[in-house]
Amino acid sequence: MRFPGSIREKIGITVLALLLPLVLSGQSARGPVLPPTLGSLKLANKLTGRDAQGMIDRLHDKSVTPVNSVVGHYAAAAGEATLYVSVYRMDAEAASTFKKMADRIRTRNQVFTHYQERSFWGQTVARCYGLGQAHYFFSRNNHLYWLGADFEVAQAALQSLLGKVSQAKKQQ
């Protein structure tokens, strides 16, 4: 016999209540979810968690990113891109990190040049060039995004990413 409000139902409802916000925010219990495509580029491989954090920290020669990070490498015949996404505990942390990055690149950086900020559909996006690619970065809610892409595919990859980020926000 099954009783309404059984322990099994209560556990199921509790688990659903805990996981639903993660699903709606575009994250899994392990971290942010990478889109399967960015424009014509397809996700070829990814790093998550401590592996992603370690890679990003090595690029900076210091600890700069939370464990809740993911790195995706995208490729197609037309070019390649890498997307780095870090999820912070609070929106303000992601915004503060964006501002620090922008200030450092804008004023005293030897790797990245031609810094510029533009607005796409109400989203402020920083752009710079370096290491043979175009780089775009922005914060949205508690996420910090960095997209490095070959020039041939950069605009399409950015537009695709912004569209996907915007769609995820609308679903929340």
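Residues numbered from 1 in each chain as written. Predicted model: local features only at pLDDT ≥ 70, side-chain atom pairs only at ≥ 80, totals over all residues. Heavy atoms only, no water.

Chemist: Could you clarify how one ought to interpret the overall build of the chain in this entry?
Modeler: Helix and strand content of the chain: four helices and ten strands. The linear arrangement of helices and strands in the chain, starting from the amino end, is α-β-β-β-β-α-β-β-α-β-β-β-β-α. When burial is assessed residue by residue, the chain has 40% of its 172 residues classed as buried. Within the chain, residue pairs in contact and separated by at least 24 positions form 49% of the contacts whose partners lie at least 6 positions apart. (Helix = DSSP H or I, 4+ residues; strand = E, 2+ residues; numbered from the N terminus. Buried < 20%, exposed > 50% of the residue type's maximum accessible area, 1.4 Å probe, protein only. Contact = heavy atoms within 4.5 Å.)

Chemist: Would you mind showing me how to read the pairing of strand S6 (residues 79–87) here?
Modeler: Burial of S6 is extensive: eight of the nine residues sit out of reach of the surface. Where strand S5 (residues 69–76) lies against S6, eight bridges are found, and the strand directions are antiparallel. When the sheet's bridge partners are listed, alanine 75 is paired in S6 with glutamate 80. (Pairing = 2+ DSSP bridges.)

Chemist: What exactly am I supposed to notice about the sheet that holds strand S3 (residues 37–38) here?
Modeler: In sheet architecture, strand pairing relies on hydrogen bonds along the backbone and comes in two forms, parallel and antiparallel. Pairing within the open sheet is antiparallel, and its eight strands lie in the order S3-S4-S5-S6-S10-S9-S8-S7. This sheet does not close on itself; its edge strands, each paired only once, are S3 and strand S7 (113–120). Two elements, S7 and strand S8 (residues 123–130), share six bridges in a ladder whose sense is antiparallel. Along S8, the bridge assignment pairs arginine 118 with valine 125. Helix H3 (residues 91–107) contacts S7, S8, strand S9 (133–140) and strand S10 (143–149) of the sheet and is inclined by roughly 150° relative to S9. (Axes fitted to C-alpha atoms, helices over the stretch in contact; angles between N-to-C directions.)

Chemist: What exactly am I supposed to notice about the pattern of salt bridges here?
Modeler: Opposite charge on two side chains lets them pair, provided their charged atoms get close. Going through the model one piece at a time under the given rule, you end up with three salt bridges. Taking the shortest distance from any N to any O, the salt bridge between aspartate 103 and lysine 99 comes out at 2.9 Å. Within this pair, aspartate 103 and its partner lysine 99 are both found in helix H3, separated by four residues, close to a single helical turn. Here aspartate 103 falls in the partly exposed class, since its relative accessible area comes to 24%. Ionic pairing is found between glutamate 117 and arginine 106, a salt bridge with its closest N-O pair at 3.2 Å. (Salt bridge = Lys/Arg side-chain N within 4 Å of Asp/Glu carboxyl O.)

Chemist: Is there a simple way to think about the packing of aromatic side chains in this case?
Modeler: Here the structure, examined in full by the defined rule, presents six aromatic pairs. Arranged with centres 5.5 Å apart and planes meeting at 65°, the rings of tyrosine 129 and phenylalanine 151 form a pair that is edge-to-face. Separated by 22 residues along the polypeptide, tyrosine 129 in strand S8 and phenylalanine 151 in helix H4 (residues 151–171) bring together distant segments of the chain. By the ring-pair criterion, three or more aromatic residues cluster together here, those being Phe98, Phe112, Tyr115, Phe137 and Trp146. (Phe/Tyr/Trp six-rings, centres within 6.5 Å; stacked < 30°, edge-to-face > 60°.)

Chemist: I keep staring at the nonpolar core and nothing clicks. Help me out?
Modeler: Generally speaking, a soluble globular protein has its nonpolar side chains buried in company with each other. The biggest cluster of nonpolar side chains holds 23 residues, and the ones touching the most others in it are Leu83, Leu147 and Leu161. Listed by contribution, the elements that provide at least two residues to this core are S5, S6, S9, S10 and H4. In terms of residue count, H4 provides more of this core than any other element does, seven residues in total. Residues contacting leucine 147, with those up to four places away along its chain left out, are Leu38, Ala81, Thr82, Leu83, Ala134, His135, Tyr136, Ala157, Leu158 and Leu161. (Core = buried A, V, L, I, M, F, W, Y, C linked by side-chain atoms within 4.5 Å.)

Chemist: When you look at the environment of serine 166 in this model, what are you seeing that I'm missing?
Modeler: Take serine 166: it is sitting in helix H4. Taking the relative accessible area as the measure of exposure, serine 166 reaches 23% and is therefore partly exposed. Expressed as a C-alpha distance, the spacing of serine 166 and glutamine 123, which sit 43 residues apart in the sequence, is 9.2 Å.

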